[in-house]
Amino acid sequence: MRKPKRRAADGRRSYKIDPVSVWSVTILLCAAVFACAYVLFQNAVICAAVTAVMLIPVRRKVRKEAELRYEKQVRAEFVSCLVMISGSLASGLRLEQCVNEIAAGETREYRRLRPEFIRMSKLIQLNWPAERAFAELASRIPVAEIRLFSQALNYGVPTGVNLIELVRSFSSGVRIRNDVEAEISRTLNLPKYNNRIIMCTPFVMIAIMRITAADYLRPLESGTGFIVKTAAAAAILIALVLGELLGDINYAE
């Protein structure tokens, strides 16, 4: 899957992500990193340095997960919009009227896309054709399905394509993709969570030993012990990164 653009054509961010929530999760994860490093090294300066190094990759990971969640939610809402548009077209409405109908609705089923449909409705009131309004939507929201649907409209409307069949077939294809992605996510979730639990186990065990039997860990406080702890931390970090990469599936458009 091609990496989506982070900014729309007008320079504004296309992802509607709350930066406060992103930074909140990032701070919590960095606090966990600091705690794990302190359990291992018992040195605040080293722990602060490790946390500072991990800050940028942790924030990138959190933001990426937020973007993926946003894309999935928008794609699901877009399928619902296409189903509604298909039904409205079948009842005799024009595509422009279908856009106005979604924009005027009150249901929370399209709460992320409704502001965009309201904007499209205003553009249509300015005599924009519907296919051009959908092209504007595709430029503002970096979701592949919206862009493909916009391209299908741009090529299909001038040639007299059957809009009802076009919308129905497109919504069916997107729904199948959503179902496949959900099934893949359910399959991969258990190994991913198992990997994360395994990565946390050494720190939990060391913390328990520091509380109950600190004398056993005194050899780790020497110069050689520091090298061993650093190598162990590096191995755990590499295992964590590999586990995340193995569960990162890219879907072809």
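Parameters at a glance
- Residues numbered from 1 in each chain as written.
- Predicted model: local features only at pLDDT ≥ 70, side-chain atom pairs only at ≥ 80, totals over all residues.
- Heavy atoms only, no water.
- Helix = DSSP H or I, 4+ residues; strand = E, 2+ residues; numbered from the N terminus.
- Rg over C-alpha atoms; globule rule 2.2 N^0.38 Å.
- Buried < 20%, exposed > 50% of the residue type's maximum accessible area, 1.4 Å probe, protein only.
- Contact = heavy atoms within 4.5 Å.
- Areas by Shrake-Rupley, 256 points an atom, 1.4 Å probe, with all protein chains shown as cover.
- Lys, Arg positive; Asp, Glu negative; His and termini not counted.
- Charge placed at Lys NZ, Arg CZ, Asp CG, Glu CD.
- Core = buried A, V, L, I, M, F, W, Y, C linked by side-chain atoms within 4.5 Å.
- Polar contact = N/O pair within 3.5 Å; in protein donor to acceptor, adjacent residues only side chain to side chain.
- Axes fitted to C-alpha atoms, helices over the stretch in contact; angles between N-to-C directions.
- Parallel < 35°, antiparallel > 145°, perpendicular 65-115°, else oblique.
- Left-handed = near helix turned anticlockwise from the far one by under 90°.
- Nonpolar A, V, L, I, M, F, W, Y, C, P; charged D, E, K, R; others polar.
- Patch = residues over 30% accessible without salt bridge, like charges linked within 9 Å, V, L, I, M, F, W, Y side chains within 5 Å.
- Salt bridge = Lys/Arg side-chain N within 4 Å of Asp/Glu carboxyl O.
- Phe/Tyr/Trp six-rings, centres within 6.5 Å; stacked < 30°, edge-to-face > 60°.
- Lys NZ or Arg CZ within 6 Å of the ring centre and 35° of its normal.
- Expected span 1.5 Å × (residues − 1).
- pLDDT = per-residue confidence, 0-100.
- Bend = angle between axes of the 7 residues up to and from the residue.

S.K.: Looking at this structure, I do not really get the overall build of the protein. What am I missing?
M.R.: For the protein, the count of helices and strands is eight helices and zero strands. In summary, the protein has a C-alpha radius of gyration of 25 Å against a globular reference of 18 Å for 253 residues, an excess of more than 25%. Looking at the protein as a whole, 34% of its 253 residues qualify as buried. The long-range fraction of contacts in the protein, counting pairs at least 24 apart against all pairs at least 6 apart in sequence, stands at 65%. Of the roughly 15000 Å² of accessible surface on the protein, a fraction of 64% belongs to carbon and sulfur atoms. Positive and negative charge centroids in the protein, built from 35 and 23 side chains respectively, lie 5 Å apart.

S.K.: I would appreciate a short explanation of the nonpolar core in the present structure.
M.R.: In globular proteins that are soluble, nonpolar side chains generally tend to be buried together. Residues Phe 78, Ile 85, Phe 117, Phe 134, Ile 141, Ile 146 and Phe 149 are the most contacted members of the largest nonpolar core, which totals 32 residues. Those elements that provide at least two residues to this core are α2 (44-90), α3 (95-104), α4 (114-125), α5 (130-140), α6 (144-156) and α7 (163-212). Per-element tally for this core: the top contributor is α2, with eight residues. Contact partners of Phe 149, with chain neighbours within four places excluded, come to Phe 78, Leu 82, Phe 134, Val 167 and Phe 170. Listed in part, the 10 residues of the second largest apolar core include Ala 37, Leu 40, Phe 41 and Ile 236.

S.K.: Got a minute to help me understand the side chain of Glu 96 in this structure?
M.R.: Structurally, the position occupied by Glu 96 is in helix α3. For Glu 96, a relative accessible area of 18% puts it in the buried group. A distance of 3.1 Å separates the side chain of Glu 96 from the side chain of Arg 94, its partner in a polar contact. Among residues more than four places away in sequence, those in contact with Glu 96 are Ile 124, Pro 129 and Ala 130.

S.K.: Can you help me understand the packing of α5 against α6 in this one?
M.R.: Axis angle and axis distance: for two packed helices, these are the angle between their axes and the distance between the axes, and together they describe the pair. For the pair α5 and α6, interaxial distance at closest approach is 9 Å and the crossing angle is 155°. Relative to α6, the element α5 is oriented roughly antiparallel. Note that α5 runs across α6; the crossing there is left-handed. Contacts between α5 and α6 involve Glu 131, Phe 134, Ala 135, Leu 137 and Ala 138 from the former and Ile 146, Arg 147, Phe 149, Ser 150, Leu 153 and Asn 154 from the latter. Of the residues that constitute the contact of α5 with α6, the class distribution is seven nonpolar, two polar and two charged.

S.K.: Can you help me understand a nonpolar patch on the surface in this one?
M.R.: Among the surface-exposed residues, Leu 237, Ile 238, Leu 240, Val 241, Leu 242 and Leu 245 lie close enough to one another that they form a single nonpolar patch of about 520 Å² accessible area. On the secondary structure map, Ile 238 appears in helix α8 (residues 223-246).

S.K.: Help me understand the packing of aromatic side chains in this model?
M.R.: One pair of aromatic rings is described through two measures. These are the centre distance and the angle between the planes. Counted under the stated rule, the structure contains six aromatic pairs. With a centroid separation of 5.3 Å and an interplanar angle of 75°, the aromatic rings of Phe 134 and Phe 149 are classed as edge-to-face. Of this pair, Phe 134 sits in helix α5 while Phe 149 sits in helix α6, and the two are 15 residues apart along the sequence. A single burial state applies to Phe 134 and to Phe 149, both of which are buried. Here Arg 132 stacks its cationic end above the ring of Trp 128, 3.7 Å away from the centre of that ring.

S.K.: Explain the environment of Thr 107 to me, please; I cannot follow it from the model alone.
M.R.: Tracing the backbone shows Thr 107 in the loop between α3 and α4. Note on Thr 107: relative accessible area 37%, which makes it partly exposed. Thr 107 sits 19 residues away from Ser 88 along the chain, and the two C-alpha atoms are 16 Å apart.

S.K.: Would you explain α6 in this entry?
M.R.: Because each turn of an α-helix spans 3.6 residues, side chains separated by three or four positions in sequence point in the same direction. Compared with an ideal rise of 1.5 Å per residue, which puts 13 residues at 18 Å, α6 spans 18 Å between its outermost C-alpha atoms and is within 8% of the ideal. Looking at the buried side of α6, the elements it contacts are α2, α3, α5 and α7.

S.K.: Honestly, the confidence of the model for the protein in this entry has me stumped. Any pointers?
M.R.: Parts of the prediction with low pLDDT should not have their coordinates interpreted in detail. Overall, the predicted model of the protein reaches an average pLDDT of 84, with 91% of residues at or above 70. Predicted confidence for residues 1-13 stays below pLDDT 50, and this span has 28 contacts to residues more than four positions away or in other chains.

S.K.: What's the story with the side chain of Arg 114 in this structure? I'm lost.
M.R.: Inspection of the secondary structure assignment puts Arg 114 in helix α4. Relative accessible area serves as the criterion here: at 11%, Arg 114 is assigned to the buried category. The residues touching Arg 114, leaving out its near neighbours within four places in the chain, are Ile 102, Ala 103, Gly 105, Glu 106 and Thr 107.

S.K.: Teacher, can you tell me more about α2 here?
M.R.: Along its 47 residues, α2 runs 67 Å from first to last C-alpha, staying within 8% of the 69 Å computed at 1.5 Å per residue. A maximum bend of about 40° is found in α2 at Leu 55, where proline Pro 57 lies one to four positions downstream. For α2, the side-chain oxygen to backbone nitrogen distance between the N-cap and Val 45 is 2.9 Å, and the N-cap itself is Asn 43. One or two positions beyond α2, positive phi appears at Gly 92, with a value near 105°.

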